[in-house]
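Summary of structural features
Residue-level listing of the chains:
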Amino acid sequence: MQKEKLLMIPGPSPVHPRIINSLALPTVSHVSPVLVEELKEALANLKKVVFCEKGEPFIVAGAGTLAMEMAILNTVEKKESFLVLSQGFFGKRMGQIAQSFDLNCDIIECEWGKAVLPEELEKKLSEKDYAVVTATHVDTCTGACAPVRDYAEVLKKHDALYIIDGVCATGGIEERMDDWGVDVVLTAAQKCFGAPPGLSIFVLSEKAMEKRRSMERIPAYYSDVLRWLPIMKDPSRYFSTPCVNEIRAFYESTKIVLEEGIEKRFLRHARVAKAIRAALAELGFSFFTQEPFLADTLSVVKYPEGVEDKSFRSTYYENGIVVAGGLGETAGKVFRMGHMGNLSESQVNFALDTLERTLSTLGYKFEAGSGLQAAKAILGE
Ligand SMILES: *Cc1c(COP(=O)(O)O)cnc(C)c1O
């Protein structure tokens, strides 16, 4: 058997043994009391994670992209327009979803490594009416974290619904639906919740639900939230067989989040990000993402002179750590390191120690132990 590698890619994130073990629980009937209870609890926990009291949570078999599609299809009508704030790859994908369903969509793009500024949103909203505005919280390709709370402030003065693609943030970086006035937060199981891939996860505000109810027909069947709503309210009813085992595992992941404490979890993500970046900087690496936009959930890292992408990543992999390469214009120039979900501080130390070992193997000159030391100064011994 191949030795298990530590996943430090931008999702899936490392799966905690408690979660893997729940995946191996019996496949019970999807309408059994066990699953009814666990799905209900998972939904209730999910609402706590996004600070939402009254909205409707959904857990549907799929992944982040399905959650994006469902968010759009259930809130945007053919005669309307929606606005995408894009700092990279996944904002573009929102645009592609619009195209696939012939929906009108405008995109504000920005230079990679930055995020769209709230002033740009304000300006655009003064020029045209939008039914919905979407923002990617953290773009996994550029490592840029958008000022989603500042966007919310701007949107308070407008009618548009506000959708946050939190796939690389929800459960790791603060998102307060009620307080900020967010109408949809969407994510997937495999990023900051640290569950295996397989679920589309999202919460709709009351305003978003009203919007769906006001729309007569939407170009979707499986993706229609009104077909799923009765099941989310009473999982003993049937619409389409839920992913039983995956839901049991996701339920466990929500318990882990709440046991840690959601605020503490955000702080841990911030601390770990800072420690990893201090180590990398000490070793001569730099960052693709501009300083104010650095995300707590992943880093997009530029190589120093003398370290080459392919051999670095393959040697790091051989030594036990999986990181991702760059996409598009960054391919070959950066690697992307995820540090989200249930990644423990000892795993971080292991990853950094292994990084130094990898660099030595590649003949790169640095002061041994200096990276790990820089991280430890932040994490505490
Ligand atoms: C990973 C990711 C997605 C896509 O999720 P899939 O589960 O791969 O479909 C969408 N948005 C963002 C911001 C992501 O990081």
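Use the structure listed above.
Turning our eyes to something else, we now look at the layout of surface pockets. Here the largest pocket defines a volume of roughly 430 Å³. Surrounding the largest pocket, 19 residues form its lining, Glu4, Leu6, Pro14, Val15 and Gln347 being those nearest its centre. Among the secondary structure elements, those contributing two or more residues to the lining of the largest pocket are strand S1 (6-7), helix H1 (17-23), helix H10 (244-260) and helix H11 (262-282). Grouping the constituent residues of the lining of the largest pocket by class yields 9 nonpolar, 5 polar and 5 charged. Counting the residues that make up the lining of the largest pocket, at least three belong to each of domain 1 (6-11 + 261-379) and domain 2 (17-260). Of the pockets and cavities examined, the second largest pocket occupies roughly 190 Å³. As for the second largest pocket, its lining consists of 18 residues, and the residues nearest its centre are Gly181, Val182, Asp183, Ser205 and Lys207. Put simply, the parts of the chain that give the lining of the second largest pocket at least two residues each are helix H6 (148-155), helix H7 (177-180) and helix H8 (206-214). Looking at side-chain class alone, the lining of the second largest pocket contains 8 nonpolar, 4 polar and 6 charged residues.

For the rest of this paragraph, the subject is the side chain of Asn74. Relative to the elements of secondary structure, Asn74 occurs in the loop between helix H3 (64-73) and strand S3 (81-86). Within the structure, the side chain of Asn74 is placed 3.3 Å from the side chain of Arg212, a separation counted as a polar contact. A polar contact is formed between the side chain of Asn74 and the backbone oxygen of Ser223, at a distance of 2.8 Å. Those residues in contact with Asn74 that lie beyond four places of it in its chain are Arg212, Met215, Ile218, Ser223, Asp224 and Val225.

Here we take up the sheet that holds strand S6 (residues 161-165). Spatial ordering of the open sheet is given by S2-S8-S7-S6-S5-S3-S4, a layout of 7 strands whose pairing is mixed. A strand with exactly one partner marks an edge of an open sheet, and here the two such strands are strand S2 (56-61) and strand S4 (104-109). Taking each pair of neighbouring strands and ignoring which way they run, the sheet shows an average axis angle of 20°. Bridge count between S3 and strand S5 (residues 132-136): 4 bridges; the pairing is parallel. Directly across from Val84, in S5, lies its bridge partner Thr134. Across the sheet, helix H9 (residues 225-233) is in contact with S2 and strand S8 (199-204); its angle to S2 comes to roughly 105°.

Basis of the calculations
- Residues numbered from 1 in each chain as written.
- Predicted model: local features only at pLDDT ≥ 70, side-chain atom pairs only at ≥ 80, totals over all residues.
- Heavy atoms only, no water.
- 1 Å grid on protein atoms, 1.4 Å probe; cavity = no way out; pocket = protein on both sides within 12 Å on 5 of 7 lines; lining within 4 Å.
- Points joined across faces, edges and corners; volume = space filled by probe spheres on them.
- Helix = DSSP H or I, 4+ residues; strand = E, 2+ residues; numbered from the N terminus.
- Nonpolar A, V, L, I, M, F, W, Y, C, P; charged D, E, K, R; others polar.
- Domains from an automatic or database assignment.
- Polar contact = N/O pair within 3.5 Å; in protein donor to acceptor, adjacent residues only side chain to side chain.
- Contact = heavy atoms within 4.5 Å.
- Pairing = 2+ DSSP bridges.
- Axes fitted to C-alpha atoms, helices over the stretch in contact; angles between N-to-C directions.

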